[in-house]
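Residue-level structure breakdown
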Amino acid sequence: MTSRTLRIAMNGITGRMGYRQHLVRSILPIRDQGGVTLEDGTRLQVEPILVGRNADKVKELAALHGVEHWTTDADAVIDDPTVDVYFDAQVTSRRYAALTAAMKAGKHIFTEKPTAETLEEAIDLARLRETTGVTAGVVHDKLYLPGLVKLRRLVDEGFFGRILSLRGEFGYWVFEGDVQEAQRPSWNYRKEDGGGIVVDMFCHWNYVLEGILGQVRTVNAQAVTHIPTRWDEQGHEYAATADDAAYGIFEIETPGGDPVIAQINSSWAVRVFRDELVEFQVDGTHGSAVAGLRNCVAQQRAHTPKPVWNPDLPVTEPFRDQWLEVPANADLDNGFKLQWEEFLRDVAAGRTHRFDLLSAARGVQLAELGLQSSAEGRRLPVPEISL
């Protein structure tokens, strides 16, 4: 069997997502399994190069995971002609310049989101990809996870009939950092450092809504800062200047032209009373389904009970027991790893990745419009983006 190797510069692997999901759960398993098999039977191997600003941390991770090459010089690795792919999991404020330099150097790119701090910059990146012809992929991990794979299959099979609505609940309690250590970095709560839940999550909701239902046509959002004071990694008190919760209503148009109303609540100041940290319920004329990241349950019209509102009597309906588990019918691997493998196959084939920089620009657009909607207190249209 013939094989080839792609050298992948991974910038930002000392951060939570870059390390856990992209290095430990994606690239290292792909390396250790001997790469991925291409359509022609060729085996595509991967060779990671760890990139970060803290030399001690990067060196330690390289030694821990048996990675030969590491560096603190991102510019040098981007200019290195032996490097094939540049991956970016840095803070958002550093991403636009790095992705621009990488594409101009002829590197294929795979990146976390948002891809830029402004829509103008995000569109510039998409245009640059068109000019350079490199393969670019943007992490759309939730669409690869078992729960949403099952939900998408129900949509494709026509299970719902005419889809009416989607309701999403996302979030958990992030400790303030004074008594218990916060489980998210402090920059997430400073607007001046690119923080905020709208910027962080609306780019996710855009691709989830597109991937499950259709095009987002309008947004009406309310962004708030519920916890105004937090404590950073050094135990210092600081003002939380970024939104930590957002409540959004989105009008969707399906590929068949049907209108769907989507409502998604996002919060880092909510305590969890649901099966998973994020859940989406889709209701249609013929059935409904509730999906988390791993599980999905459904209820057909013929199996729907007939509740009667009577506050004078205790509830006797076992509502949760009346839903059926949707089987996976396949061995679904880690979502981040699955998308990495798809992206690497696209790089090897020289083709466009289905979740590219234009898709990412629409996510940045929805975040910008969500913040504008909240500031102005009105519903806003979501215009088409053209390059």
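Residues numbered from 1 in each chain as written. Predicted model: local features only at pLDDT ≥ 70, side-chain atom pairs only at ≥ 80, totals over all residues. Heavy atoms only, no water.

Per an unreviewed UniProt entry, the recorded name for the protein is Oxidoreductase, and the organism is Cellulomonas algicola.

So, the packing of helix 4 (residues 92-104) against helix 5 (residues 119-132)
It is the contact of helix 4 with helix 5, at a shortest axis distance of 10 Å, that shows an interaxial angle of 10°. The pairing of helix 4 with helix 5 is recorded here as roughly parallel in orientation. Residues Tyr-96, Leu-99, Thr-100, Met-103 and Lys-104 of helix 4 form the contact with helix 5, whose own contacting residues are Glu-121, Asp-124, Leu-125, Leu-128, Arg-129 and Thr-132. Looking at the contact of helix 4 with helix 5 residue by residue, the classes come out as five nonpolar, two polar and four charged. (Axes fitted to C-alpha atoms, helices over the stretch in contact; angles between N-to-C directions. Helix = DSSP H or I, 4+ residues; strand = E, 2+ residues; numbered from the N terminus. Parallel < 35°, antiparallel > 145°, perpendicular 65-115°, else oblique. Contact = heavy atoms within 4.5 Å. Nonpolar A, V, L, I, M, F, W, Y, C, P; charged D, E, K, R; others polar.)

Observations concerning helix 7 (residues 197-212)
One turn of the α-helix equals 3.6 residues, which is why residues spaced by three or four share an orientation. With 16 residues, helix 7 extends 22 Å from end C-alpha to end C-alpha; this agrees with the ideal 22 Å at 1.5 Å per step. Most of helix 7 is tucked away: 14 of the 16 residues are buried. Just past helix 7, the residue Gly-214 takes up positive phi, approximately 160°. (Expected span 1.5 Å × (residues − 1). Buried < 20%, exposed > 50% of the residue type's maximum accessible area, 1.4 Å probe, protein only.)

Let's talk about the domain arrangement of the protein
Splitting the protein by domain gives domain 1 (4-140 + 335-354) and domain 2 (143-331 + 365-376). The distance between the C-alpha centroids of domain 1 and domain 2 comes to 28 Å. Across the contact, 15 residues belong to domain 1 and 12 residues belong to domain 2. Summed over both partners, the interface of domain 1 with domain 2 comes to about 1200 Å²; 62% of that surface belongs to carbon and sulfur atoms. Sorting the residues of domain 1 by area buried against domain 2 places Lys-113, Leu-119 and His-140 first, and these three jointly supply 41% of that buried surface. (Domains from an automatic or database assignment. Buried area = accessible area lost by both parts, 1.4 Å probe.)

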